[in-house]
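Here's the letter readout for the chains.
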Amino acid sequence: MKTVTASAPEVSLDVRSVPISVRTKIAFAFAAIYLIWGSTFLATRYAVTAIPPFFVSGTRFFIAGVVLFTYARISTQEPITWRNWRAATLLGALFFLICHGGVSWAAKHVPSGIAALLMASISMWTALIELVRRSESRPRRLVIVCLLTGFIGMALLVARPQMLAGSHVGSMGATVVLIGAFSWALGTVLTQKVDLPSSTMLSASMQMICGGALLLILGAASGQAADFHLSRVTRPALPGLVFL
């Protein structure tokens, strides 16, 4: 009697086997990350030279959230509950108040390139949280080794920035950016647990509205509004805010 064994299909790693249309989309996706997302750190650094940091982030996300929310309500009639708004407030605080608010504050002390590099640690923090939670998606041993290597690099960047970046960086500012990256990673994990609308567009707009409102409230409560004058807004600051 013959024994039939099933063999796993071979997976081709040849890039040429990927359709050109797919490769083009991947190239555009990476270009968007590098050019659009990466340039926001430079725009933020210009904006905070004349506009209070929390108002930069608060204005940016509150206006964007209102515009997106309006479009989402036209596109979908999904009902919104108070539990949805409570979840959006929690995630808005993690994503925008702590993360982007911290990055905006640190932009006065940390070069934009280093801030972007530290924010790239979000994936490492996310994997670490999944590891602590012992979830099914927790990283394997090889990934853990890579994570440890990445954390060592971040520690050196915060403690000895002149060695890796060629410039002195305020350790406090770099630490705030790392806290923001951790906050974003925590929010990413919690997104799967909280009660949000099924519409991604509606959910994102609610989070931006709540996060932006919290940032504006914090900016007013911290006295940043008293130090802000329109006459002091410089040419680089205004285009930076508009770009954001």
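Residues numbered from 1 in each chain as written. Predicted model: local features only at pLDDT ≥ 70, side-chain atom pairs only at ≥ 80, totals over all residues. Heavy atoms only, no water.

Caption draft 1: Quick look at the overall build of the chain. In terms of helices and strands, the chain carries 10 helices and zero strands. Each helix (α) and strand (β) of the chain, taken in turn from the N terminus, gives the series α-α-α-α-α-α-α-α-α-α. For the chain, the proportion of its 244 residues judged to be buried stands at 38%. Across the chain, the fraction of contacts at a sequence separation of at least 24, relative to all contacts at a separation of at least 6, is 85%. Total accessible area on the chain stands at roughly 15,000 Å², and carbon and sulfur atoms take up 68% of it. (Helix = DSSP H or I, 4+ residues; strand = E, 2+ residues; numbered from the N terminus. Buried < 20%, exposed > 50% of the residue type's maximum accessible area, 1.4 Å probe, protein only. Contact = heavy atoms within 4.5 Å. Areas by Shrake-Rupley, 256 points an atom, 1.4 Å probe, with all protein chains shown as cover.)

Caption draft 2: Summary view of the confidence of the model for the chain. Across the chain, the average pLDDT comes to 79, with 77% of residues at 70 or higher. When mean pLDDT is taken per element in the chain, helix H9 (residues 200-221) scores highest with 94 and helix H7 (residues 161-164) scores lowest with 50. Counting interchain partners and residues more than four positions distant, the pLDDT-below-50 stretch residues 163-167 has 11 contacts. (pLDDT = per-residue confidence, 0-100.)

Caption draft 3: Inspection of the pattern of salt bridges at higher detail. Per the stated rule, a full pass over the model turns up one salt bridge. Note that Arg 83 is salt-bridged to Asp 195, the shortest N-O span being 3.7 Å. Residue Arg 83 is located in helix H3 (residues 82-106), and its partner Asp 195 is located in the loop between helix H8 (171-190) and H9; the two are separated by 112 residues in the primary sequence. A residue is classified by how much of its surface remains accessible, and Arg 83, at 52% relative accessible area, is exposed. (Salt bridge = Lys/Arg side-chain N within 4 Å of Asp/Glu carboxyl O.)

Caption draft 4: Here's a closer look at helix H2 (residues 53-75). With 23 residues, H2 should cover 33 Å at 1.5 Å per step; its first-to-last C-alpha distance of 33 Å lies within 8% of that length. Taken together, the buried positions of H2 are occupied by Pro 53, Phe 54, Phe 55, Val 56, Ser 57, Gly 58, Arg 60, Phe 61, Gly 65, Phe 69 and Ala 72. (Expected span 1.5 Å × (residues − 1).)

Caption draft 5: Main features of the packing of H2 against H9. Remark: H2 packs on H9, axes separated minimally by 7 Å, with the N-to-C direction vectors making an angle of 150 degrees. The angle between H2 and H9 falls in the class roughly antiparallel. H2 and H9 meet at a crossing whose hand is left-handed. Grouping the amino acids of the contact of H2 with H9 by side-chain chemistry returns 21 nonpolar, seven polar and one charged. (Axes fitted to C-alpha atoms, helices over the stretch in contact; angles between N-to-C directions. Parallel < 35°, antiparallel > 145°, perpendicular 65-115°, else oblique. Left-handed = near helix turned anticlockwise from the far one by under 90°. Nonpolar A, V, L, I, M, F, W, Y, C, P; charged D, E, K, R; others polar.)

Caption draft 6: Expanded view of the side chain of Ser 199. By secondary structure assignment, the location of Ser 199 is in the loop between H8 and H9. Other than its neighbours up to four places away in sequence, Ser 199 contacts Thr 76 and Glu 78.

Caption draft 7: Just the environment of Phe 55, in detail. Relative to the assigned elements, Phe 55 resides in helix H2. Here Phe 55 falls in the buried class, since its relative accessible area comes to 19%. In the structure, Phe 55 is positioned 160 residues away from Leu 215 in sequence and 6.8 Å away in space, judged by C-alpha atoms.

Caption draft 8: Structural view of the packing of aromatic side chains. Taken as a whole and judged by the stated rule, the model has six aromatic pairs. Aromatic side chains Phe 95 and Phe 96 sit 6.2 Å apart centroid to centroid with 70 degrees between the ring planes, which places their arrangement in the edge-to-face category. You can call Phe 95 buried: its relative accessible area is 6%. Given the relative accessible area of 7%, Phe 96 is considered buried. (Phe/Tyr/Trp six-rings, centres within 6.5 Å; stacked < 30°, edge-to-face > 60°.)

Caption draft 9: Examining H3 more closely. End to end, H3 covers 33 Å across 25 residues, agreeing with the expected 36 Å (1.5 Å per residue, within 8%). Of all the bends in H3, the greatest measures close to 35 degrees and is centred on Ala 93. (Bend = angle between axes of the 7 residues up to and from the residue.)

Caption draft 10: Quick look at the packing of H3 against H8. Close contact between H3 and H8 brings their axes to 8 Å; oriented N to C, the two are set at 160 degrees. Between H3 and H8, the angle falls in the class roughly antiparallel. Note on packing geometry: the crossing formed by H3 with H8 is left-handed. Here Leu 90, Leu 91, Leu 94, Phe 95, Phe 96, Ile 98, Cys 99, His 100, Gly 102, Trp 105 and Ala 106 of H3 lie close against H8, whose contacting residues are Met 172, Gly 173, Val 176, Val 177, Ile 179, Gly 180, Ser 183, Trp 184, Leu 186, Gly 187, Thr 188 and Leu 190. Each residue belonging to the contact of H3 with H8 can be placed in one class, and the counts come to 16 nonpolar, seven polar and no charged.

Caption draft 11: Structural view of the nonpolar core. Ranked by size, the top nonpolar core spans 23 residues in total, and within it Phe 41, Leu 118, Met 119 and Trp 125 carry the most contacts. Only H3, helix H4 (112-119), helix H5 (122-133), helix H6 (141-159) and H8 provide two or more residues apiece to this core. Of all the elements, H8 adds the most residues to this core, at six residues. The contacts of Met 119, once residues within four sequence positions are left out, are Trp 37, Phe 41, Cys 99, Val 103, Val 177, Gly 180 and Ala 181. Ala 87, Leu 94, Leu 196 and Leu 215 belong to the second-largest nonpolar core, a separate cluster that totals 10 residues. (Core = buried A, V, L, I, M, F, W, Y, C linked by side-chain atoms within 4.5 Å.)

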